[in-house]
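Structural overview
One letter stands for each residue in the lines below.
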Amino acid sequence: MSELYDVAVVGGGPGGCTAAIYCARAGLRTVMIEKLAAGGQMADSPLIENYPGFPEGLDGYSLGELMRQGVERAGADIRYAELTAADLKASPKHLDTEDGAIEAKAVILATGASPRPLGLPNEKELIGRGMGYCAACDGMLYRGKTVAVVGGGNTAVGDALYLAKLCQKVYLVHRRDELRAAAPYLKALETAGVEVEWNARPDALLQGPDGRLAGLRVKDVKTGDTRDLACEGVFAAIGRVPDTEPFKDQVDCDAAGYFDADETTRTNLPGVFAVGDARAKAVRQIVTAAADGAVASHFAQEYLAEV
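Parameters at a glance
- Residues numbered from 1 in each chain as written.
- Predicted model: local features only at pLDDT ≥ 70, side-chain atom pairs only at ≥ 80, totals over all residues.
- Heavy atoms only, no water.
- Pairing = 2+ DSSP bridges.
- Helix = DSSP H or I, 4+ residues; strand = E, 2+ residues; numbered from the N terminus.
- Axes fitted to C-alpha atoms, helices over the stretch in contact; angles between N-to-C directions.
- Disulfide = S-S within 2.5 Å.
- Buried < 20%, exposed > 50% of the residue type's maximum accessible area, 1.4 Å probe, protein only.
- Core = buried A, V, L, I, M, F, W, Y, C linked by side-chain atoms within 4.5 Å.
- Contact = heavy atoms within 4.5 Å.
- Patch = residues over 30% accessible without salt bridge, like charges linked within 9 Å, V, L, I, M, F, W, Y side chains within 5 Å.
- Areas by Shrake-Rupley, 256 points an atom, 1.4 Å probe, with all protein chains shown as cover.
- Salt bridge = Lys/Arg side-chain N within 4 Å of Asp/Glu carboxyl O.
- Lys, Arg positive; Asp, Glu negative; His and termini not counted.
- Charge placed at Lys NZ, Arg CZ, Asp CG, Glu CD.

1. Focus: the sheet that holds strand S12 (residues 200-207)
If you trace the three strands from one edge of the open sheet to the other, you get S12-S13-S14, paired in antiparallel fashion. Each end of this open sheet is capped by a strand with a single partner; those strands are S12 and strand S14 (226-230). If you compare each strand with its neighbour and ignore which way they point, the axes differ by 30° on average.

Put into structure tokens, the structure is as follows:
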């Protein structure tokens, strides 16, 4: 037997937690489904200093735990299980998890997106110890230090420009001989003091005796020669992978695979909403994901009032 809820939230990151809190506080029977632990991608961040209310900053795991406590205090259920199948066109909508079936009148998708990794052997081991994926999140940790940004699009150049204001030296590593970034970014780069490593790709993450990142080895894609860049931080900006695959045959997505939902968070399916990093949007930060969750709750309530 499946349980029937007013709202099922898929994902326990900041967008999912906020949606669950708002829905539960509105008197809706709410469940949040999370496969690992609350916090989502931000749980890997060693220090978050740009989320309001925490002037001294805190680590992402702790912030996720505080959000989880808020979900429980609001009265929402939390189901720690991986989603295995979903029928979002059904009425009520049907969700299969490793822990049993759930039915809900409305569903909020907060499945998130993951940064595309460089694919180097010790990359995962160095996350939070010099390897990063969000300059806006972690750049302050490298004030006065040397960092490298990998990529050639708007995000990579934007990250390099941002870091150039904080760091002593910034390398921009790009595998081609020209950048794909838009003209305004390229213009700003001319005077930013960023050193561009052309026709180069990451070959190895160098580790110091303390276990932290100590440099980036890059390989010339034309000659095969390698060079070591001494740096304390490396930021990968080569794209993100939205966790939308299980729903693509039901929910419309854009060309990059993100849920096609506007600022109302509504998708093409009535009663299905998309929030946070999985939604097609201009800015992906903890605070924008949380805002999406509140918006989705509002429109979910509207939808439920009409069905």
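From this point on, the discussion continues.
2. Regarding the state of the cysteines
The tally for this structure, following the rule as stated, stands at one disulfide. Across the disulfide from Cys134 sits Cys137; the S-S distance is 2.2 Å. A torsion of 65° about the S-S bond marks the disulfide between Cys134 and Cys137 as right-handed. The class for Cys134 is buried, based on a relative accessible area of 17%. What makes Cys137 partly exposed here is its relative accessible area of 26%. Not part of a disulfide, Cys17 finds its nearest cysteine sulfur in Cys23, a span of 12 Å. Of the residues examined, Cys17 reaches a relative accessible area of 1% and is grouped as buried.

3. Observations regarding the nonpolar core
Grouped together as the largest cluster of nonpolar side chains are 30 residues, with contacts concentrated most on Val7, Val9, Leu63 and Ile108. Within the residue set of this core, elements represented by two or more residues are strand S1 (3-10), helix H1 (14-25), helix H2 (60-74), strand S6 (100-109) and helix H7 (286-306). A total of six residues in this core trace back to one element, the largest contributor, which is H7. Every residue in contact with Leu63, bar those within four places of it in the chain, is listed here: Met42, Ile48, Tyr51, Phe54, Leu58 and Ile286.

4. Remarks on unusual backbone geometry
Cis peptide bonds are those with omega within 30 degrees of zero, and the linkage from Ser91 to Pro92 qualifies with 0°. On the secondary structure map, Pro92 appears in the loop between strand S4 (83-87) and strand S5 (93-97). Residue Asn199 is not a glycine yet carries a positive backbone phi of 50°. Among the secondary structure elements, Asn199 is positioned in the loop between strand S11 (195-197) and S12.

5. Points about the sheet that holds S11
Spatially, S8-S15-S9-S10-S11 is the arrangement adopted by the five strands of the open sheet, whose pairing is parallel. Two strands bound the open sheet, and with one partner strand each, they are strand S8 (131-132) and S11. Inspection of the sheet shows strand S9 (residues 146-150) paired to strand S15 (residues 233-236) by four bridges, in the parallel sense. When the sheet's bridge partners are listed, Val149 is paired in S15 with Phe235.

6. Here's the deal with a negative patch on the surface
Judged by side-chain charge, Asp252, Asp254, Asp260 and Asp262 come together as a negatively charged surface patch. Mapped onto the elements, Asp262 comes out in the loop between strand S16 (240-242) and strand S17 (272-274). A residue is classified by how much of its surface remains accessible, and Asp262, at 46% relative accessible area, is partly exposed.

7. As for the pattern of salt bridges
Pairing of side chains with opposite charge becomes possible as their charged atoms draw close. Counted according to the given criterion, the structure contains 20 salt bridges. Among the salt bridges present, the one from Lys187 reaches Glu190, with a minimum N-O distance of 3.8 Å. Accessibility expressed as a relative area gives 57% for Lys187, which makes it exposed. Glu190 sits in the exposed class, given a relative accessible area of 60%.

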